[in-house]
Amino acid sequence: VGIEPEIARALGERMGVETSILIMGYDGLYDALYTGEVDLILAGLRADPLYSEWVHYSPPYFDAGQVLVSRADAPYVEMAALDGKRLAVEIASAGDQAAQRWQRRLNSLHVERHMLPWDALAAVERGEADAALVDAITAREYVREHPRLVSAAGTTAPDEYVIAMRQANYRLIDAVEGALADMHADGTLDAIIEQWL
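So, how was this worked out
Residues numbered from 1 in each chain as written. Predicted model: local features only at pLDDT ≥ 70, side-chain atom pairs only at ≥ 80, totals over all residues. Heavy atoms only, no water. Helix = DSSP H or I, 4+ residues; strand = E, 2+ residues; numbered from the N terminus. Buried < 20%, exposed > 50% of the residue type's maximum accessible area, 1.4 Å probe, protein only. Contact = heavy atoms within 4.5 Å. Areas by Shrake-Rupley, 256 points an atom, 1.4 Å probe, with all protein chains shown as cover. Lys, Arg positive; Asp, Glu negative; His and termini not counted. Charge placed at Lys NZ, Arg CZ, Asp CG, Glu CD. Patch = residues over 30% accessible without salt bridge, like charges linked within 9 Å, V, L, I, M, F, W, Y side chains within 5 Å. Salt bridge = Lys/Arg side-chain N within 4 Å of Asp/Glu carboxyl O. Polar contact = N/O pair within 3.5 Å; in protein donor to acceptor, adjacent residues only side chain to side chain. Phe/Tyr/Trp six-rings, centres within 6.5 Å; stacked < 30°, edge-to-face > 60°. Lys NZ or Arg CZ within 6 Å of the ring centre and 35° of its normal. Axes fitted to C-alpha atoms, helices over the stretch in contact; angles between N-to-C directions. Parallel < 35°, antiparallel > 145°, perpendicular 65-115°, else oblique. Left-handed = near helix turned anticlockwise from the far one by under 90°. Nonpolar A, V, L, I, M, F, W, Y, C, P; charged D, E, K, R; others polar.

### Considering the overall build of the protein
From N to C terminus, the protein includes 7 helices and 9 strands. For the protein, the spread of C-alpha atoms along the three principal axes comes to 55 × 35 × 25 Å. Taking all 197 residues of the protein together, 44% fall into the buried category. For the protein, the proportion of contacts with a sequence separation of at least 24, taken over those separated by at least 6, is 70%. For the protein, the accessible surface area stands at approximately 10,700 Å², while carbon and sulfur atoms represent 50% of it. Positive and negative side-chain charges of the protein, numbering 16 and 32 respectively, have mean locations separated by a distance of 7 Å.

### What about a nonpolar patch on the surface?
A cluster of nonpolar side chains, Ile91, Met115, Leu116 and Trp118, forms an exposed patch at the surface whose accessible area comes to about 420 Å². By the secondary structure assignment, Ile91 is in the loop between β5 (85-90) and α3 (94-105). You can call Ile91 partly exposed: its relative accessible area is 41%.

### Focus on unusual backbone geometry
Positive phi, close to 65°, is recorded for Ala92, a residue that is not glycine. Following the sequence through the fold, Ala92 ends up in the loop between β5 and α3. A relative accessible area of 63% means that Ala92 is categorised as exposed.

### Structural notes on the pattern of salt bridges
In the structure shown here, the tally under the stated rule is 9 salt bridges. With a shortest N-O distance of 2.9 Å, Asp96 and Arg113 are connected by a salt bridge. Of this pair, Asp96 sits in helix α3 while Arg113 sits in strand β6 (residues 109-114), and the two are 17 residues apart along the sequence. Glu194 serves as the salt-bridge partner of Arg140, at 2.7 Å between the closest nitrogen and oxygen. With Arg140 in helix α5 (residues 136-145) and Glu194 in helix α7 (residues 188-196), this pair connects stretches of sequence that are 54 residues apart. Residue Arg140 is classed as partly exposed on the basis of its relative accessible area, which comes to 27%.

### Some thoughts on the environment of His146
Tracing the sequence through the fold places His146 in the loop between α5 and β8 (149-157). Between the alpha carbons of His146 and Glu125 there is a distance of 8.4 Å; along the sequence they are 21 residues apart. Separated by 2.9 Å, the side chain of His146 and the backbone oxygen of Tyr142 make a polar contact.

### Here's the deal with the environment of Gln66
Here Gln66 shows up in strand β4 (residues 66-71). Residue Gln66 is classed as buried on the basis of its relative accessible area, which comes to 8%. Along the chain, Gln66 and Val134 lie 68 residues apart, while their C-alpha atoms are 5.0 Å from each other. Apart from the residues lying within four places of it in its own chain, the contact partners of Gln66 are Ala94, Gly95, Leu133, Val134, Asp135, Thr155, Thr156 and Ala157.

### With respect to the packing of aromatic side chains
Per the counting criterion, the structure on display carries 6 aromatic pairs. Ring centres of Tyr34 and Trp54 lie 5.0 Å apart, and the angle between their planes is 80°; on these two criteria the pair is classed as edge-to-face. With Tyr34 in helix α2 (residues 29-35) and Trp54 in the loop between β1 (40-45) and β2 (55-57), this residue pair connects regions lying 20 residues apart in the sequence. One aromatic cluster is present, built from ring pairs that chain together Tyr30, Tyr34, Tyr51 and Trp54. Sitting over the face of the ring of Trp102, Arg105 holds its NZ or CZ atom 4.6 Å from the ring centroid.

### What about the packing of helix α1 (residues 3-15) against α7?
Relative to each other, α1 and α7 sit at 155°, their axes nearing to 9 Å. Overall, the two elements α1 and α7 adopt an arrangement that is roughly antiparallel. You can see that α1 and α7 cross each other, and the crossing is right-handed. Contact residues: α1 offers Ile3, Glu6, Ile7, Ala10 and Arg14, while α7 offers Thr188, Leu189, Ile192, Ile193 and Trp196. Taken together, the residues that form the contact of α1 with α7 break down as 7 nonpolar, 1 polar and 2 charged.

Right, dumping it as structure tokens:
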């Protein structure tokens, strides 16, 4: 159960095929795809250029990247608006790295580092920081339980999940990408993500 199995079942239904889900360790995923044990990998996977010679990656089905979260009464929708403000991040995270890049772009951005992303979000809620930059999954879960906070619509630092297929399997690529596009268009994909996050 979860986001990926639900997406796999919905893709199979739209393509008119029976879906079989295999559970395996991450280190065996590409071997299973290469040998034909599986037809595709749908497992919170990021595109990896090391496999680009024989693997085709679909357009992203979810972006788990870094999202800006702020108070609903003082929302920030983009990093550029944080000049002179305080930004909370999880120490050594992708959000921390993005914040460091923004410190070089803005005149003044004070970055406050916390041990956990929830600590960074709590700092915003208490008014100790103007915004937090955390991963989209944590942001969704936290904002749902803390209505005084809102997240920006898009990600600041993307982390896109894709489906991997063998490049030689053109018909499967066309079928999967067509079904995925339809799921984007009719809201099925968003509904699955909302159900689990």
